[in-house]
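# Commentary on secondary and tertiary structure
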Amino acid sequence: MKTDILIVGTGAAGLFAALHMPRGRQVTLITKDEADKSDSFLAQGGICMLRNEKDYESYFEDTMKAGHYENDKESVDIMIRSSQSVIKDLIEFGVNFEHHHGHIAFTREGAHSNARILFHEDQTGKEITGMLLKRAMERDNIKIIENTCMLDIIENEENECIGVVVQNPDTTISIIQSKFTVFACGGVGGLYTNSTNFRHITGDAMAICKCHNIALKDMKYIQIHPTTLYSEKDGRRFLISESVRGEGAVLLNQAGNRFTDELQPRDVVAKAIREEMKKDNMPYEFISFENISEKIIRSHFPNIYSTCLQEGYDCLREPVPIVPAQHYFMGGIAVDYQSKTTMDRLYAIGETSCNGVHGRNRLASNSLLESMVFAQRAASEISILIDGVEFPDDISVYVDFERYHDIDALKEEYKKLVLDEIDAGFE
Ligand SMILES: Cc1cc2nc3c(=O)[nH]c(=O)nc-3n(C[C@H](O)[C@H](O)[C@H](O)COP(=O)(O)OP(=O)(O)OC[C@H]3O[C@@H](n4cnc5c(N)ncnc54)[C@H](O)[C@@H]3O)c2cc1C
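Nothing here was measured: the structure is a model prediction, and the numbers come from that model.

## Some thoughts on the overall build of the protein chain
Secondary structure summary: the protein chain contains 11 helices and 18 strands in total. At 21 Å, the protein chain has a C-alpha radius of gyration in line with the 22 Å of a compact globule built from 427 residues. With respect to the principal axes defined by its C-alpha atoms, the protein chain has extents near 70 × 45 × 40 Å. The buried share of the protein chain, taken over its 427 residues, is 52%. Partitioning the intrachain contacts of the protein chain with sequence separation of at least 6 by distance along the chain shows that 73% fall at a separation of at least 24.

Structure, rendered in structure tokens:
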């Protein structure tokens, strides 16, 4: 199969990139699972936007402070300055943000000095990504192929990426030839027992980059979310969004006492909960919604309310047990400000990439925004460069099919590679 542009991943980053590619070019998206099974669909809290010029310095400072001042300042500036145009695009695509008296409503989350987060109930990711998926499916030049797993890239003698090797839904192996390839493969949560991420999001693109000497960056920077619903069941951990604390929820220990400022950056709050769990010798502490009105709980957090209820906790009446869990990956495939990797014709966007915008720790609700800002920049550069690129005659000569003989072993090798790379960062 041949396509002008191949995008691996159907989350917010991949879909937003696809919708900004030239309409005259064939764009193919593949995804390991179904198209709506991505972490982007799970985002609860919202998406940040620079409200006005007066908010610039404070937004910049909040992002830098959360990132322990290790952020790439240029990336932060690009993200903040592009935020209004991304939100405008989303509204034009049909995304419905919450309104209050006819104006867009803004909420606040931990470590934000101002209310600058747009939201849709507590299912902002589903609203945004669902709409992007709908729009992508309407476009004649965009094709989405589900249950198809990228196993490797194909590299020519000039060290350019000229396509990928995939495992098809029927488990056969084939190749997809492309002029440009964009990794939009999400984070690494599937590698951890306790994570809010989908289990199939396992950092595959990072492992493939490692095998092809493509630079990775900040691989030790993993974000732990302070408040996920405690459960003894296996599988993904359910997030209790930061915006709940932004609206007044408090953290309580086993004795029912507050023990930290709930609106500090995520890493600080997660550490405080861990310390309290140690003191109490318990695998969880509590979040109490008692300062939030029933009206707000039911209107702003209906998904959190109903999921807690299904697990046996009525947050209108009692505190809910919470535990910190792996949530987000600040590191990833090193990219420049146009999202290009260190290999020609290969781009990386969204959580799988690292342009340094988050530094050591991500500020709440900056990731959907960052994914789309830098997806659009990748699309702009590819739209210009693609005019000079032709398909080569036969790319199978660059593929060693023997390598894909035992796929399960290869997938395990990839997981180990990524975990080793993360561990190496701590040495
Ligand atoms: C529970 C939760 C709540 C969140 N809340 C917020 C929030 O309120 N605000 C915010 O800004 N951010 C939030 N985030 C973070 C945000 O959702 C993600 O960082 C962002 O959506 C990542 O988007 P993405 O497109 O990069 O990756 P994803 O949406 O994770 O998509 C990755 C895609 O890559 C595909 N893929 C992966 N590997 C392969 C492969 N080998 N072959 C083929 N396909 C592959 C997957 O199938 C998937 O389609 C939240 C995250 C979670 C988990």
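## Observations concerning unusual backbone geometry
Even without a glycine there, the phi angle at His 101 is positive, about 50°. With respect to the element layout, His 101 can be found in the loop between strand S4 (99-100) and strand S5 (103-104). Despite not being glycine, Asn 213 shows a phi value in the positive range, around 55°. Classification of Asn 213 by C-beta neighbours within 10 Å gives exposed; the count is 10.

## Regarding the sheet that holds strand S18 (residues 353-354)
Strand order in this open sheet of 3 strands is S11-S16-S18, and the pairing throughout is mixed. Strand pairing shows two members of the sheet lacking a second neighbour, strand S11 (216-217) and S18, which therefore form its edges. In this structure, S11 lies alongside strand S16 (residues 332-334), joined through 2 bridges in antiparallel fashion. Residue pairing for S16: Lys 217 is matched across the bridge by Gly 332. Relative to the sheet, helix H5 (residues 204-211) contacts S11 and S16, its axis offset from that of S16 by approximately 45°.

## Things to note about the confidence of the model for the protein chain
A low pLDDT means the predicted coordinates there should not be read in detail. Residues at a pLDDT of 70 or more form 100% of the protein chain, whose mean pLDDT is 96. Within the protein chain, no element has a lower average pLDDT than helix H6 (residues 242-246), which sits at 89, and none a higher one than strand S17 (residues 346-348), at 99.

## Description of helix H10 (residues 367-385)
Given a rise of 1.5 Å per residue, 19 residues ought to cover 27 Å, and the 27 Å separating the end C-alpha atoms of H10 matches this to within 8%. Of all 19 residues in H10, 14 are buried; the element is thus mostly enclosed.

## Observations regarding the site of the ligand
Around the ligand sit 42 residues in total, of which Gly 9, Gly 11, Gly 45, Gly 186 and Gly 350 are the nearest. When residues of the shell around the ligand are traced back to their parent elements, those giving at least two are helix H1 (12-19), helix H4 (124-138), strand S8 (149-155) and H10. Looking at the shell around the ligand residue by residue, the class counts come to 15 nonpolar, 22 polar and 5 charged.

## A look at the packing of helix H3 (residues 73-93) against H10
Two elements in contact, H3 and H10, have axes whose closest approach is 9 Å; the angle formed by their N-to-C orientations is 85°. Judged by the inter-axis angle, H3 sits roughly perpendicular to H10. Contacts between H3 and H10 involve Ile 78, Met 79, Ser 82, Ser 83 and Val 86 from the former and Leu 369, Glu 370, Met 372 and Val 373 from the latter.

## Points about the domain arrangement of the protein chain
For the protein chain, the assigned domains read domain 1 (2-221 + 330-424) and domain 2 (224-326). Once you take the C-alpha centre of each, domain 1 and domain 2 turn out to be 28 Å apart. Taken together, the contacts link 23 residues of domain 1 with 24 residues of domain 2. The residue inventory of the side of domain 1 that touches domain 2, partitioned by class, reads 6 nonpolar, 12 polar and 5 charged.

## Quick notes on the pairing of strand S14 (residues 285-288)
For strand S13 (residues 250-252) and S14, the ladder comprises 3 bridges, and the chain directions are antiparallel. The partner of Val 250 across the bridge, within S14, is Ser 288. Alignment of S14 against strand S15 (residues 320-329), held across 3 bridges, turns out to be antiparallel. Looking across to S15, one finds that Glu 285 is bridged to Ile 322.

Cut-offs and rules
- Residues numbered from 1 in each chain as written.
- Predicted model: local features only at pLDDT ≥ 70, side-chain atom pairs only at ≥ 80, totals over all residues.
- Helix = DSSP H or I, 4+ residues; strand = E, 2+ residues; numbered from the N terminus.
- Rg over C-alpha atoms; globule rule 2.2 N^0.38 Å.
- Buried ≥ 20, exposed ≤ 12 C-beta atoms within 10 Å, placed from the backbone.
- Contact = placed C-beta atoms within 7 Å.
- Pairing = 2+ DSSP bridges.
- Axes fitted to C-alpha atoms, helices over the stretch in contact; angles between N-to-C directions.
- pLDDT = per-residue confidence, 0-100.
- Expected span 1.5 Å × (residues − 1).
- Near = placed C-beta within 6 Å.
- Nonpolar A, V, L, I, M, F, W, Y, C, P; charged D, E, K, R; others polar.
- Parallel < 35°, antiparallel > 145°, perpendicular 65-115°, else oblique.
- Domains from an automatic or database assignment.

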